[in-house]
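Report on the structure
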Amino acid sequence: MAAARPLSLTAAAFRAAIPWPRGRLLAPSPGLLTRWEATSSVPESGEGQIRLTDSCVQRLLEITEGSEFLRLQVEGGGCSGFQYKFSLDTVINPDDRVFEQGGARVVVDCDSLAFVKGAQVDFSQELIRSSFQVLNNPQAQQGCSCGSSFSIKI
């Protein structure tokens, strides 16, 4: 029966998938870096925690307005079986876990959390793209070179 658990989580992750909203680019507001520097709380690391890098916190403070936060979801797809999905959102559902660091918030639903617990969320800026990424995911067995797709440990 223990093997049935990953299958039910996988099915739940598929059910939790919602349409991906169009992304947007926003310019940072004045005084934002000061706001980020003034709030430097770091959550205690523990099992089930999602950690945010400094670049993730800084970028979220630049692009979020009011009650917006970054939602991290895991859905089926990609070249390795599962893929990370990031979107800006304003609604926190009853089954969501909120991870806050330095005034920036990342929200993960409980089904997706099973696939990313203990991971780190980063913002990477390169010549050809800028994106949020999941790093050091202890639940992932392997990932693809683009960093958005992974397979899970069974």
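Residues numbered from 1 in each chain as written. Predicted model: local features only at pLDDT ≥ 70, side-chain atom pairs only at ≥ 80, totals over all residues. Heavy atoms only, no water.

Brief notes about the overall build of the protein
Broken down by element type, the protein carries 4 helices and 9 strands. Relative to its 154 residues, the protein shows a buried fraction of 43%. Taking the contacts inside the protein whose residues are at least 6 apart along the sequence as the reference set, 59% of them involve residues at least 24 apart. Element-wise, carbon and sulfur atoms account for 54% of the exposed surface of the protein, whose accessible area totals about 8800 Å². (Helix = DSSP H or I, 4+ residues; strand = E, 2+ residues; numbered from the N terminus. Buried < 20%, exposed > 50% of the residue type's maximum accessible area, 1.4 Å probe, protein only. Contact = heavy atoms within 4.5 Å. Areas by Shrake-Rupley, 256 points an atom, 1.4 Å probe, with all protein chains shown as cover.)

Observations regarding the packing of aromatic side chains
Within the structure shown, the criterion is met by 3 aromatic pairs. Here Phe86 and Phe132 contribute two aromatic rings whose centre-to-centre distance is 6.0 Å and whose plane-to-plane angle is 40 degrees, an arrangement assigned as tilted. One end of the pair, Phe86, is in strand β3 (residues 82–89); the other, Phe132, is in strand β7 (residues 130–135), with 46 residues separating them in the sequence. In this structure Phe132 comes out as buried when scored by relative accessible area, which is 13%. Linked through ring pairs, Phe86, Phe123 and Phe132 together constitute an aromatic cluster. (Phe/Tyr/Trp six-rings, centres within 6.5 Å; stacked < 30°, edge-to-face > 60°.)

With respect to the confidence of the model for the protein
Within the protein, residue pLDDT values average 74, and 64% of them lie at 70 or more. For the stretch residues 1–45, pLDDT sits under 50, and the model shows 49 contacts to residues farther than four places along the chain or on other chains. (pLDDT = per-residue confidence, 0-100.)

Digging into unusual backbone geometry
For Asn136, which is not a glycine, the phi torsion comes out positive at approximately 50 degrees. Residue placement: Asn136 occurs in the loop between β7 and β8 (140–143).

Side note on the pattern of salt bridges
Side chains that differ in charge, positive against negative, can pair when their charged atoms come close. Counted according to the given criterion, the structure contains 4 salt bridges. Here Asp89 makes a salt bridge to Arg71, at a shortest N to O gap of 2.8 Å. Note that Asp89 is positioned in strand β3 and Arg71 in strand β2 (residues 69–76), a separation of 18 residues in sequence. A salt bridge links Arg71 to Asp96; the shortest N-O distance between them is 2.8 Å. With Arg71 in strand β2 and Asp96 in strand β4 (residues 96–101), the pair connects residues that are 25 residues apart, well separated along the chain. Among the residues examined, Arg71 registers a relative accessible area of 3% and is labelled buried. Judged by its relative accessible area of 11%, Asp96 falls in the buried class. (Salt bridge = Lys/Arg side-chain N within 4 Å of Asp/Glu carboxyl O.)

Considerations on the nonpolar core
With 28 residues, the main nonpolar core has Leu72, Tyr84 and Val116 as its most contacted residues. Broken down by secondary-structure element, the contributors of at least two residues to this core are α3 (54–63), β2, β3, β5 (104–109), α4 (110–116), β6 (120–125), β7 and β9 (149–152). The element best represented in this core is α3, accounting for 5 residues. Those residues in contact with Leu72 that sit more than four places away from it in its chain are Tyr84, Lys85, Phe86, Val106, Val107, Val108, Asp109, Ser112, Val116, Val121 and Val134. (Core = buried A, V, L, I, M, F, W, Y, C linked by side-chain atoms within 4.5 Å.)

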